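# A closer look at the structure
Each chain, written out:
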Amino acid sequence: MLYTYQDGTELPIQRDFIQDLKNYVECLEKILPLENQIMELKDLEKDQGALFERKVAILSSFKENLIHSMPSNLDADDASLLAPCVTEILSVCDKFIRKTHEDYESEIFVMKRDSGAQIKSKELEIIKILNPFLISSVYGAKRVYDISYHEVLGGTLYCYSSGLQFNYKLNFSDERLTVQRLLGDFSLPVMATTGLFTKEHKPRVLSLAEFVVLSIQYDDLYNFSLELENKKKIIRIVRKNGNFSIYDEGRDITADTDLAALVEDAALQRIPKNIVEYIRKNVSSFELTEILIDDDDAIANNLIFDCMKIIATQYGSIVAECIRRSPIKSEISIKVQLEDGTRTEKYISKDELYSSLANIGGDGLEIASLIGADAIEEEKPSGNNRYFIV
């Protein structure tokens, strides 16, 4: 399937951009009210806490003023006479302050417990809504995979884009992963000891097919590492900035001329493709676990709207190109070519997009400005069909 602008130029991202745009607006409509409700609950919690502190301060101030208002120029007999009364008054004050403090603390505890449960529920709902969206619809995100085997195969996907980071927990269909399953027939040279009486160290090629994959760290085609293990040894294959290093129990195979000559370069070059292919086909489920902006927790710090603004900026550049490359300036449109050669159009009017965002409120209007849906240019009537088949 091929996605292009109206002038036939390929989109920089080969995805149904119009559908992604609609999905984006749908996410906004759902998550912004939730985030606003969370902020209201937190503000209420803060206000109640401040009210509690103010009331306790008033009572404490009353006691202090009461003490200072007591006569201080009494002779010993008068002071002795009034002492029990003063003590009783202060005791009543202390008792009331203590009781009030306990009541307020109890109220605050119940309020925080209830609001905390509501906040957690709404945060989970936000994560649930964003789970399928972020992993597929944030363009140009750098993806880093960290996969390991500890009784069961699992891992984490780290995604980075313009200060935005979101992480997914990955579950795999395989409980454990062998080299045979990941790379097929794969061998490396190692230094082996031979001879019954005269021990000699000679290079030999060892099949790693039955080795278990302990870990995979994959940044990109030119930067990754594999750690493999059998009952006897651990082998690490590392590629950094395009250069391979292979370690057999710490011994650098690639630094040994005799062993390096036996390394099959074509097999090494296939590794990154095999890793990506395995992940693509064998992730059984993925779960959004964390969203960060500049290392700040976007969920806990109510920065989800800021996350959506970052994505809106990405989408805005494509919207601008869609409009620039189309004769109809009131629409955002693309062309789609199917595998069988069938072609069609997909579009959304700027007016429809603006109305959907404006209905969200002030935040929606800000997004409309970032996406480029807040101004509609005059256009001449056109007889162009919205959809066509070739």
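Predicted model only: the values in this text are computed from it and were never measured.

### A few points about the overall build of the protein chain
Helix and strand counts for the protein chain come out as nine helices and 15 strands. Over its C-alpha trace the protein chain gives a radius of gyration of 33 Å, far above what one expects of a compact globule, namely 21 Å for 390 residues. Within the protein chain, counting contacts between residues at least 6 apart in sequence, those at least 24 apart form 60% of the total. A total of about 22200 Å² of accessible surface is found on the protein chain, and carbon and sulfur atoms cover 51% of it. Each charge sign in the protein chain was given a centre, from 45 positive and 64 negative side chains, and these centres are 7 Å apart.

### Here we look at the sheet that holds strand E14 (residues 331-337)
Here three strands make up an open sheet; going across it, the order is E1-E14-E15 and the pairing antiparallel. Edge positions in the sheet fall to strand E1 (2-4) and strand E15 (343-349), since each has one partner strand and no second. Within the sheet, the average angular offset between the axes of one strand and its neighbour, ignoring direction, is 25 degrees. Across the sheet, helix H1 (residues 17-69) is in contact with E14 and E15; its angle to E15 comes to roughly 30 degrees. In the packing of helix H8 (residues 350-358) onto the sheet, contacts are made with E14 and E15, and the angle to E15 comes to roughly 45 degrees.

### Focus on the domain arrangement of the protein chain
Annotation of the protein chain at the domain level lists domain 1 (32-137) and domain 2 (164-288). The C-alpha centroid of domain 2 is placed 60 Å from the C-alpha centroid of domain 1. Each partner contributes to the interface: domain 1 provides five residues, whereas domain 2 provides five residues. Here domain 1 and domain 2 share an interface that buries about 550 Å² over both sides, 70% of which is from carbon and sulfur atoms. Broken down residue by residue, the surface that domain 1 buries against domain 2 is led by Asn131, Leu134 and Ile135, which jointly contribute 83%. In this assembly, domain 1 and domain 2 are joined by three residue pairs in polar contact (both at pLDDT 80 or more). A per-class count over the side of domain 1 that touches domain 2 returns four nonpolar, one polar and no charged.

### With respect to unusual backbone geometry
Even without being a glycine, Glu151 presents a positive backbone phi close to 70 degrees. Tracing the sequence through the fold places Glu151 in the loop between strand E2 (142-150) and strand E3 (152-161). On the accessibility criterion, Glu151 (74% relative accessible area) is exposed. Phi angles above zero are rare outside glycine, and Asp295 is one such case at about 75 degrees. Among the structural elements, Asp295 can be located in the loop between strand E12 (283-293) and strand E13 (296-297).

### Description of the pairing of E15
Direction of pairing for E14 relative to E15: antiparallel, over a ladder of seven bridges. Following the sheet pairing, Ser333 is matched in E15 by Tyr347. Taking the residues that link successive antiparallel strands as the turn, the E14-E15 hairpin has five residues, and the phi of Gly341 there is positive, at about 95 degrees.

### Comments concerning the nonpolar core
If you look at the biggest cluster of nonpolar residues, it comprises 94 residues, and the most contacted ones within it are Phe17, Tyr24, Leu130, Ile237 and Ile291. Membership of the second largest hydrophobic core comes to five residues, among which are Phe52, Tyr104, Ile108 and Met111.

### Details of the packing of H1 against H8
At a minimum axis separation of 10 Å, H1 and H8 run at an interaxial angle of 15 degrees. The orientation of H1 with respect to H8, classified from their angle, is roughly parallel. Once H1 is placed against H8, the crossing between them reads as left-handed. Facing Leu21, Val25, Leu28 and Glu29 of H1, the residues of H8 in contact are Leu353, Ser356 and Leu357. Of the residues belonging to the contact of H1 with H8, the class tally is five nonpolar, one polar and one charged.

### Observations regarding the sheet that holds strand E8 (residues 223-229)
Read from one edge of the open sheet, 10 strands run E11-E10-E9-E8-E7-E2-E3-E4-E12-E13, paired in antiparallel fashion. Whereas interior strands pair on both sides, the edge strands pair on one side only; in this sheet they are strand E11 (251-252) and E13. Both E8 and strand E9 (residues 234-240) contribute to a ladder of six bridges, which runs antiparallel. Bridge pairing in E9 links Glu227 to Arg236. Lying over the sheet, helix H6 (residues 271-282) contacts E2, E3, strand E4 (164-172), strand E7 (212-220), E8, E9 and E12, oriented at roughly 80 degrees with respect to E8. Here helix H7 (residues 304-324) sits on the sheet in contact with E3, E4 and E12, set at roughly 105 degrees to E12.

### A word on the pairing of E7
Bridge count between E2 and E7: four bridges; the pairing is antiparallel. Among the inter-strand pairings, Ile147 is bridged to a residue of E7, identified as Ile216.

What counts, and at which threshold
- Just so you know, the residues in each chain are numbered from 1, in the order the chain's sequence is written.
- For this predicted model, a pLDDT threshold of at least 70 governs which residues receive local features, and a threshold of 80 or more governs which side-chain atom pairs are given and counted, while totals over whole chains, interfaces and linings are taken from all residues.
- Excluding hydrogens and water, the side-chain values take into account all heavy atoms of the structure.
- Secondary structure elements are defined from DSSP: runs of H or I of at least 4 residues count as helices, runs of E of at least 2 residues count as strands, and each element is numbered from the N terminus.
- Each radius of gyration is computed over the set of C-alpha atoms, and the globule rule expresses the reference value as 2.2 Å times the number of residues to the power 0.38.
- Contacts between residues were defined by any pair of non-hydrogen atoms, one from each residue, lying within 4.5 Å.
- Accessible areas in this description were obtained via Shrake-Rupley with a 1.4 Å probe; residue shielding takes into account the shown protein chains only.
- The convention is simple: Lys and Arg are positive, Asp and Glu are negative, and His and the chain ends are not counted.
- Working definition for charges: the position is that of NZ of Lys, CZ of Arg, CG of Asp or CD of Glu.
- One requirement defines pairing of two strands: DSSP has to find at least two bridges between them.
- Axes here mean lines fitted to C-alpha atoms, for a helix over just the part in contact, with angles spanning 0 to 180 degrees between N-to-C directions.
- Where each domain begins and ends follows an automated or database-derived domain assignment.
- Once two parts are joined, some of their accessible surface, as seen by a 1.4 Å probe, is lost; buried area is that loss totalled over both.
- Definition of a polar contact: a pair of N or O atoms within 3.5 Å, with one able to donate and the other able to accept a hydrogen when the atoms are protein atoms, and with sequence-neighbouring residues admitted only if both atoms are side-chain atoms.
- Gly falls in the polar group here, along with every residue not listed as nonpolar (Ala, Val, Leu, Ile, Met, Phe, Trp, Tyr, Cys, Pro) or charged (Asp, Glu, Lys, Arg).
- Burial here depends on accessible area, computed with a 1.4 Å probe over protein chains only, as a share of the maximum for the residue type. Under 20% is buried, over 50% is exposed, and the range in between is partly exposed.
- Residue types Ala, Val, Leu, Ile, Met, Phe, Trp, Tyr and Cys, when buried and joined through side-chain atoms within 4.5 Å, form a set referred to as a nonpolar core.
- Should an angle fall under 35 degrees it is called roughly parallel, over 145 degrees roughly antiparallel, and 65 to 115 degrees roughly perpendicular, with every other angle called oblique.
- The sense of a crossing depends on the near helix, which, turned anticlockwise from the far helix by less than a right angle, makes the crossing left-handed and, turned clockwise, makes it right-handed.

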